[in-house]
Amino acid sequence: MTAGPAGTGAPPPSGPLAGLLVADFSRILAGPYATMLMADLGAEVVKVEGPGGDDTRTWQPPVRDGVSTYYLGVNRNKRSVALDLKDDADLAAARELARRADVVVENFKPGGLARFGLDYDSVAATNPAVVYASISGFGSGPGGRSLPGYDLIVQAISGLMSLTGDPDGDPYRAGVAVFDVMAGLHATIGVLSALNARHATGRGQHVEVNLLASALSGLVNQSSAFVAGDVVPFRMGNSHPSLFPYEPLPCADGDLIVTAGNDGQFRRLCEVLGLPELPEDPRFLRNEDRTANREELRPLLVERLRTRTKMEWFRDIIAAGVPCGPINTIDQGVAFAEEVGLDPVVVAGEGAAAVPSIRNPIRFSATAAEYRLPPPGLDEHGAEIRRWLAEGEEAP
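All values reported here derive from a predicted model rather than from experimental measurement.

S.K.: Describe the overall build of the protein, naming the residues involved and giving the relevant values.
M.R.: The helix and strand inventory of the protein stands at 15 helices and 13 strands. Split into buried and exposed, the 396 residues of the protein put 46% on the buried side. Long-range pairs, those at least 24 residues apart, make up 68% of the contacts in the protein with a sequence separation of at least 6. As displayed, the protein offers around 19,100 Å² of accessible surface, 55% of which is attributable to carbon and sulfur atoms.

Written out as structure tokens, the structure reads:
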């Protein structure tokens, strides 16, 4: 395959995916998140947008310098070209981009790109080595292909909302589009797996990911409770169905999450709290005993925790080797990541266009993630990309 267009003045990528060209026909979250992760790791990503741009450009507030922070959060390290697929010249450019790409990512409704000759079969006919990833809401089968694939709908249909909220309250969605993010991760895993298979066969393949399948996989122990145990889980607020303590417990000035996940941790927790007799009580001897008798155990723990602040207990309980943590706001969460040395905030790009962003979570010992380009303006690189596609294989 060929390298992508140059010309921005940014240094060439050198990460573990350097040399790969990704044609990104996706928008909103799942696809753009997947392609951003690839771009961070060195892939050259060309973001193809319609004349109106990615929907998330208008999803505001909040904004930074007039640009939606939603859009900024998942589009760094990319170059943007606006192509109207109903225009013959633009469609020809889109087809040429797909012909040259190592990877194509799209999240149109299943079959939606066929009328433009940009579906997998059409692209693979001229580019048999292409890894073509399709992300949908409910798959490409006859029962799911026409259904709208919004994360909130999948949170409802999958059962996640039935698990989220107080036992006697209303179902709630998660505070972030968790299944869009999971689907983006699954798409990335699928693409990298197919690229590895291509090393052996020389041929690409069609990778399909859908939000509902990602949701059912991501529900892990809860979906397993039903399919393996014939148990339908229910809302338990912040409690865990299989562990106790594993939830917020009130201290003098607020709640502290305490997660004593095994007998040794529970014993150490009780020592810190000054309750050494509890681990010897038959009601609380094993995890299954503590879980069954949580209504008796909880007030005994809370009585002690209420005597001090959550941060005082946090320091002592953590020092004893028992996982715990305060319930933070986002700013406090970022600050804590800084405190423990994770350096969570990076700057994408340079100069006036640079944008603060959250670090790619993967660490490499030899081929680090890079933050070469800020999220692009609509069609910011359109001229150079069109010229590159028109002039031939070599990048200008």
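The structure having been displayed, the exposition proceeds.
S.K.: I'd like a rundown of the state of the cysteines, residues and numbers included.
M.R.: Counting across every chain of the model gives zero disulfides. Of the cysteine sulfurs around cysteine 270, a residue in no disulfide, the closest is that of cysteine 324, at 14 Å. Classification of cysteine 270 as buried rests on a relative accessible area of 0%. Summary of cysteine pairing: cysteine 324 is not part of a disulfide, and the nearest cysteine sulfur, belonging to cysteine 251, is at 8.8 Å.

S.K.: Give a description of the environment of proline 171 that names residues and reports values.
M.R.: Mapped onto the elements of the fold, proline 171 is located in the loop between α6 (160-163) and α7 (178-201). According to the relative accessible area criterion, proline 171 is partly exposed, its value standing at 42%. Distance from proline 171 to alanine 156, taken between C-alpha atoms, is 8.8 Å for residues 15 residues apart in sequence. Contact partners of proline 171, with chain neighbours within four places excluded, come to Met161, Ser162, Thr164 and Arg235.

S.K.: How would you explain the sheet that holds strand β6 (residues 103-106) if you had to name every residue and give the values?
M.R.: Strand pairing in a sheet is mediated by backbone hydrogen bonds. Such pairs are either parallel or antiparallel. One open sheet accounts for six strands, arranged β5-β2-β1-β6-β7-β8; its pairing is parallel. The open sheet has two edge strands, β5 (78-82) and β8 (205-210), and neither has a second partner. When strand polarity is set aside, the average angle formed by the axes of neighbouring strands in this sheet is 20°. Relative to β6, strand β1 (residues 21-25) runs parallel, the two sharing four bridges. Residue pairing for β6: aspartate 24 is matched across the bridge by valine 105. Sheet strands touched by helix α3 (residues 88-100): β1, β2 (44-49), β5 and β6. Its angle to β1, the strand with the most contacts, is close to 140°.

S.K.: Go over unusual backbone geometry with me, naming the residues and quoting the values.
M.R.: Cis geometry marks the peptide bond from glutamine 60 to proline 61, where omega comes out at 0°. With respect to the helices and strands, the residue proline 61 is situated in the loop between β2 and β3 (63-64). Here the amide bond leading from proline 61 into proline 62 is cis, since omega sits at 0°, within 30 degrees of zero. Unlike most non-glycine residues, aspartate 65 shows phi in positive territory, near 50°. As for its placement among the helices and strands, aspartate 65 is situated in the loop between β3 and β4 (67-68).

S.K.: If you had to explain a nonpolar patch on the surface to someone new, which residues and values would you point to?
M.R.: A surface patch of nonpolar side chains, amounting to about 290 Å² of accessible area, comprises Tyr150, Ile153 and Ile157. Locating isoleucine 153 in the fold gives a position in helix α5 (residues 151-158).

S.K.: Now, about the pairing of strand β9 (residues 246-250): what can you tell me, with residues and values included?
M.R.: With four of five residues buried, β9 is to be regarded as a mostly interior element. Where β9 lies against strand β10 (residues 255-259), five bridges are found, and the strand directions are antiparallel. Along β10, the bridge assignment pairs leucine 249 with leucine 256. Between β9 and β10, which follow one another and run antiparallel, lie four residues, and glycine 254 among them has a positive phi close to 150°.

Calculation notes
- Residues numbered from 1 in each chain as written.
- Predicted model: local features only at pLDDT ≥ 70, side-chain atom pairs only at ≥ 80, totals over all residues.
- Heavy atoms only, no water.
- Helix = DSSP H or I, 4+ residues; strand = E, 2+ residues; numbered from the N terminus.
- Buried < 20%, exposed > 50% of the residue type's maximum accessible area, 1.4 Å probe, protein only.
- Contact = heavy atoms within 4.5 Å.
- Areas by Shrake-Rupley, 256 points an atom, 1.4 Å probe, with all protein chains shown as cover.
- Disulfide = S-S within 2.5 Å.
- Pairing = 2+ DSSP bridges.
- Axes fitted to C-alpha atoms, helices over the stretch in contact; angles between N-to-C directions.
- Patch = residues over 30% accessible without salt bridge, like charges linked within 9 Å, V, L, I, M, F, W, Y side chains within 5 Å.
- Salt bridge = Lys/Arg side-chain N within 4 Å of Asp/Glu carboxyl O.

The analysis is restricted to geometry; functional conclusions fall outside its scope.
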